[in-house]
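Take a look at the letters that make up each chain.
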Amino acid sequence: MLKKFFKKKESPVVTPETAPELKPAADSKPAKTKPKTSKPRTAKKPKITWDINQYVVEPKEGKKRFHDLNLPIELMQGIAELGYQYCSPIQAQVLPYTLDGYDAIGKAQTGTGKTAAFLITVITDLLRKPIEDSRYVGEPRALVIAPTRELVQQIGEDAKNLCKYTGLRVVTLIGGVDYEKQQKQLDAGVVDIVVATPGRLMDFHERNKIYLDMVEIMVIDEADRMLDMGFIPQVKRIISHTPKKSFRQTLLFSATFTQDILNLSERWTHEPVRIEIEPDNVAADTVEQVVYIVSADEKFSILKKIIAGDTVESVIIFANRRDETRRLYEKLQKAGFKVGILSGDVPQQKRSRTLELFKQGDLKVLVATDVAGRGIHIDGISHVVNYTLPEDPEDYVHRIGRTGRAGATGMSVSFACEDDAFLLPSIEELLGRKLNAVLPPASLLD
Ligand code: AMP
């Protein structure tokens, strides 16, 4: 990994023209002191038979191709299989820096392609600096932490897809599911990338099942949500077990850059480049948004009609509280819909199963709270319904970002009733535009 001694002194919002020249420095890692519980092992290297000519993407004005980034061929094969052709804006802006070893802080929501941005950085770094010697189990070279189990699972899946031809091993560690199983995965061989929620990671660390002193590159995803969920003390502890920030590369992503987040970034990153992707540039462009002015007791019958509509392939309905979400779920079930629920009071395994059924199209309707619904990476969700408007305007952007992903178009319908219409102005302020608030069409009314 390139060390940071040659990094920029400032952290401006960068433009591609301002890229400084980087020079590699001698590798130096802190000495290991901890006892190891398992035998050293070496990683297997797969044979490369694929050729970049098998994946043709024409150059396009104003677009950066993955071909132009000089990525390792094994990674390109994974990218080709996923069908990514051109970098999304955050990828185009951040990768030239992070691939050169810079720390970065990125203001970006889900839906922007930030996960691939950091995973491509991580995978490239690990492949470019292979470790030929024996390694110990439980000693990741890259660590990604994220606040929710769903998000960790999805990052883990993305990582496995991108790593498919690299020989790199990914292990995900999350609370609420079988500890032994995760332990077995850790024991099964050297691990390159660990993706984890902070609590479960600390659990494994405290039991000496995982060591963080060989972490070369660290990603903190959804830092603002970590803060909201009270995870910062755990994150601080995790980071204190990794090499010092000048010896590791750190990437931090957050949907917002509040002063608290900027202070934490300052502590955890070393002269980072700073990239900001505004919510307007996210899914909003591909999502048609409408607000129906309704009364509270009209909502359910309108919802049923929306779900039954011809254009609705799959729909996520958001409500603000768990009890509200559950009531809605039960009412929809009674009304004969095949519906799933994602909320904090549903056991993790059940949530994973529900998500899988929804992904496969076996469930058309999902009811979710903001925390559980955040970071759901499913393409092709045609509709999002805000059954109640969120109290935090950022959540509105997250919610509608569940649809209109990866270039597809989507539709978001929000209900504004006497209880929550007052929340609209702050949402409009964040979006920087007025929302189209209308009475529901006659076809949706009884
Ligand atoms: P994320 O912002 O990480 O939640 O990613 C949003 C979605 O976009 C995911 O389903 C990714 O698989 C997809 N994606 C990421 N990068 C690209 C790209 N360059 N081209 C097409 N799809 C992408």
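Residues numbered from 1 in each chain as written. Predicted model: local features only at pLDDT ≥ 70, side-chain atom pairs only at ≥ 80, totals over all residues. Heavy atoms only, no water.

Concerning the nonpolar core
Under the convention used in this document: Here, the term nonpolar core denotes a set of buried Ala, Val, Leu, Ile, Met, Phe, Trp, Tyr and Cys residues that are joined through side-chain atoms within 4.5 Å. Relative accessible area decides the class of each residue, using a 1.4 Å probe on protein chains only: under 20% of the type maximum gives buried, over 50% gives exposed, and in between gives partly exposed. Only runs of H or I of at least four residues qualify as helices and only runs of E of at least two qualify as strands under DSSP, and these elements are numbered from the N terminus.
Phe66, Leu71, Ile120, Ile123 and Ile193 are the most contacted members of the largest nonpolar core, which has 51 residues in total. For this core, the element with the highest residue contribution is helix H3 (residues 114-128), accounting for nine residues. Val171, Ala196, Leu252 and Trp268 belong to the second largest nonpolar core, which has 31 residues in total.

Concerning the packing of aromatic side chains
To describe a pair of aromatic rings, you give the distance between the ring centres and the angle between the ring planes. Short version of the rule: Pairing of aromatic rings covers Phe, Tyr and the six-membered ring of Trp, with a centre-to-centre limit of 6.5 Å; geometry is then stacked below 30 degrees between planes, edge-to-face above 60, and tilted otherwise.
This structure, assessed with the given rule, holds five aromatic pairs. Arranged with centres 5.6 Å apart and planes meeting at 90°, the rings of tyrosine 97 and tyrosine 102 form a pair that is edge-to-face. Tyrosine 97 gets classed as buried once you look at its relative accessible area, which sits at 3%. A ring pair is formed by tyrosine 387 and phenylalanine 415, whose centres lie 5.7 Å apart and whose planes are at 65°; its orientation type is edge-to-face. Of this pair, tyrosine 387 sits in the loop between strand E14 (383-386) and helix H14 (393-400) while phenylalanine 415 sits in strand E15 (residues 410-416), and the two are 28 residues apart along the sequence. Of the two residues, tyrosine 387 and phenylalanine 415, both sit in the buried class.

Some words on the packing of helix H4 (residues 149-162) against helix H12 (residues 348-360)
What counts, and what does not: Think of each axis as a best-fit line through the C-alpha atoms, taken over the contacting stretch in the case of a helix, with angles from 0 to 180 degrees between the N-to-C directions. For classification, angles of less than 35 degrees are called roughly parallel, those exceeding 145 degrees roughly antiparallel, those between 65 and 115 degrees roughly perpendicular, and all remaining angles oblique. Left-handed is the label given to a crossing in which the near helix is rotated counterclockwise from the far helix by less than a right angle, and right-handed is the label when the rotation is clockwise. Any pair of residues with heavy atoms lying within 4.5 Å of one another is described as a contacting pair. Gly falls in the polar group here, along with every residue not listed as nonpolar (Ala, Val, Leu, Ile, Met, Phe, Trp, Tyr, Cys, Pro) or charged (Asp, Glu, Lys, Arg).
Between H4 and H12, whose axes approach to 11 Å, the crossing angle comes to 55°. By the angle between their directions, the pair H4 and H12 is classed as oblique. As H4 packs across H12, the resulting crossing turns out to be right-handed. Contacts from Arg149, Glu150, Gln153, Gln154 and Glu157 in H4 reach Gln348, Arg351, Ser352, Leu355 and Lys359 in H12. Residues belonging to the contact of H4 with H12 are distributed by class as follows: one nonpolar, four polar and five charged.

Digging into the sheet that holds strand E2 (residues 104-107)
As a reminder, the rule being used: Here the rule is simple: two strands pair whenever DSSP picks up at least two bridges between them.
Sheet architecture is open: seven strands sit in the order E5-E6-E4-E7-E8-E2-E9, paired in parallel fashion. Taken across any chain shown, the strands that pair with only one partner, and hence form the sheet edges, are strand E5 (170-173) and strand E9 (273-276). For this sheet the average axis-to-axis angle between neighbouring strands, irrespective of direction, equals 10°. Pairing between strand E4 (residues 142-145) and strand E7 (residues 217-220): four bridges, direction parallel. Bridge assignment links leucine 143 to a residue of E7, and that residue is methionine 218. The strands that helix H2 (residues 89-98) touches are E2, strand E8 (249-254) and E9; relative to E9, the one it contacts most, it runs at about 175°. Across the sheet, helix H9 (residues 259-268) is in contact with E2, E7, E8 and E9; its angle to E8 comes to roughly 170°.

Things to note about the confidence of the model for the chain
This is how the line gets drawn: The pLDDT value expresses, per residue, how confident the predictor is, ranging between 0 and 100.
A residue-level look at the chain finds 85% of positions with pLDDT of 70 or above and a mean pLDDT of 85. Confidence over residues 1-35 falls short of pLDDT 50; this stretch has 72 contacts with residues more than four positions distant or in other chains.

Topic: the layout of surface pockets
Inclusion rule: Definitions used for this entry: grid spacing 1 Å over protein atoms alone; cavity, a set of points where a 1.4 Å probe fits but cannot get out; pocket, an open set with protein on both sides within 12 Å along at least 5 of 7 lines; lining residue, one with an atom within 4 Å of a point. Grid points are joined across faces, edges and corners, and a volume is the space filled by probe spheres set on the points. For each domain, the first and last residues come from an automatic or database assignment.
When its volume is computed, the second largest pocket comes out at roughly 500 Å³. Lining the second largest pocket we find 18 residues, and of these Gln153, Thr172, Ile174, Val177 and Ser352 sit closest to its centre. Among the elements of the structure, H4, helix H5 (179-187) and H12 are those that each provide at least two residues to the lining of the second largest pocket. The greatest single-element share of the lining of the second largest pocket, amounting to six residues, is contributed by H12. Considered class by class, the residues forming the lining of the second largest pocket number three nonpolar, eight polar and seven charged. Split by domain, the lining of the second largest pocket shows at least three residues from each of two domains, domain 1 (2-276) and domain 2 (287-445).

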